[in-house]
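Residue strings, one per chain:
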Amino acid sequence: AAAAAAAAPAADTPMVIKKETYKPPPEKQTLSEAMERLLKPSLKEQGNALNVAQIAMLNLEQMIQKLQRSRAKAGETIAADKAEVAAIDAEVAKLDARLTAVKTNCGILRAERDQIDTQLETSKKIFHDAVMNVHKMINQTNSNVARLGRTQVPKGHDNFLKSGKGSKASTLTSTLSRQAK
């Protein structure tokens with residue numbers, strides 16, 4: 001700071017202009033000389049340009065630092081995202097392996113189910129056939145019993161309950177009383 005204060009002129013001292021750099025305007029100027037003089041910046045403007053350039057450089061350095069920080073932060077974010085993607089990929093691989101196992105097991109279970117369904121249908125058919133055979137046998141037996149009974153059953157004009165001893169009620173009662181003894 002001391003070196004900067006020594007290099008900078010004090011506010012009270014007038015600025016010294018070197019004779020070599022400053023040329024007073026000639027009394028008679030051509031148009032092109034006047035234009036050149038107007039376009040060429042003065043020493044004060046050149047000094048201001050230096051300050052403007054220094055400010056621009058500071059702003060540029062700050063912007064570069066900010067961009068570097070944001071790039072570093074983006075790099076960290078990218079690295080974290082890559083790690084997260086790797087973890088998700090690993091989890092997907094595990095789930096895919098489990099899914100493959102489940103699909104394989106599902107195929108096996110479906111084959112077993114189809115086999116059991118076939119066995120069930122076969123069993124139902126066999127059971128139905130057995131029931132139908134039993135019904136046929138019952139019907140045949142009933143018809144055979146009925147044929148046998150028809151030969152012994154009295155004709156419609158014979159009254160088998162009256163066998164000369166009395167009425168139907170007395171015959172039944174006497175028959176039951178004899179069987180009970």
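Residues numbered from 1 in each chain as written. Predicted model: local features only at pLDDT ≥ 70, side-chain atom pairs only at ≥ 80, totals over all residues. Heavy atoms only, no water.

S.K.: Pulling in residues and values, what's your account of the overall build of the chain?
M.R.: Counting secondary structure elements, the chain contains 4 helices and 0 strands. Going from N to C terminus, the chain has its helices and strands arranged as α-α-α-α. Counting only residues that meet the buried cut, the chain has 0% of its 181 residues in that class. Summed over all atoms, the accessible surface of the chain reaches about 17,200 Å², with 62% contributed by carbon and sulfur. (Helix = DSSP H or I, 4+ residues; strand = E, 2+ residues; numbered from the N terminus. Buried < 20%, exposed > 50% of the residue type's maximum accessible area, 1.4 Å probe, protein only. Areas by Shrake-Rupley, 256 points an atom, 1.4 Å probe, with all protein chains shown as cover.)

S.K.: Run through the pattern of salt bridges, naming residues and quoting values.
M.R.: Tallied over the entire structure, the rule returns 2 salt bridges. Between Asp114 and Arg113 there is a salt bridge, and its shortest N-O distance comes to 3.2 Å. Judged by relative accessible area, which is 39%, Asp114 ranks as partly exposed. Among the residues examined, Arg113 registers a relative accessible area of 45% and is labelled partly exposed. The salt bridge partner of Asp129 is Lys125, with a shortest N-O separation of 3.8 Å. Taken together, the residues Asp129 and Lys125, both in helix α3 (residues 43–152) and 4 residues apart, mark about one turn of the helix. Here Asp129 falls in the partly exposed class, since its relative accessible area comes to 36%. A residue is classified by how much of its surface remains accessible, and Lys125, at 55% relative accessible area, is exposed. (Salt bridge = Lys/Arg side-chain N within 4 Å of Asp/Glu carboxyl O.)

S.K.: Tell me about a nonpolar patch on the surface, and please be specific about residues and values.
M.R.: A cluster of nonpolar residues, Met57, Leu60, Met63, Ile64 and Leu67, forms a patch on the protein surface that exposes about 470 Å² of accessible area. Note on placement: Met57 falls in helix α3. Classification of Met57 by relative accessible area gives partly exposed; the value is 48%. (Patch = residues over 30% accessible without salt bridge, like charges linked within 9 Å, V, L, I, M, F, W, Y side chains within 5 Å.)

S.K.: An account of the confidence of the model for the chain is requested, with residue identities and associated values reported.
M.R.: On average, the chain scores 75 in pLDDT, and the residues at 70 or more come to 57%. This model gives residues 1–8 a pLDDT under 50, and the stretch forms 0 contacts once residues within four places in sequence are excluded. The low-confidence segment residues 166–172, where pLDDT is below 50, has 4 contacts with residues more than four positions distant or belonging to other chains. (pLDDT = per-residue confidence, 0-100. Contact = heavy atoms within 4.5 Å.)

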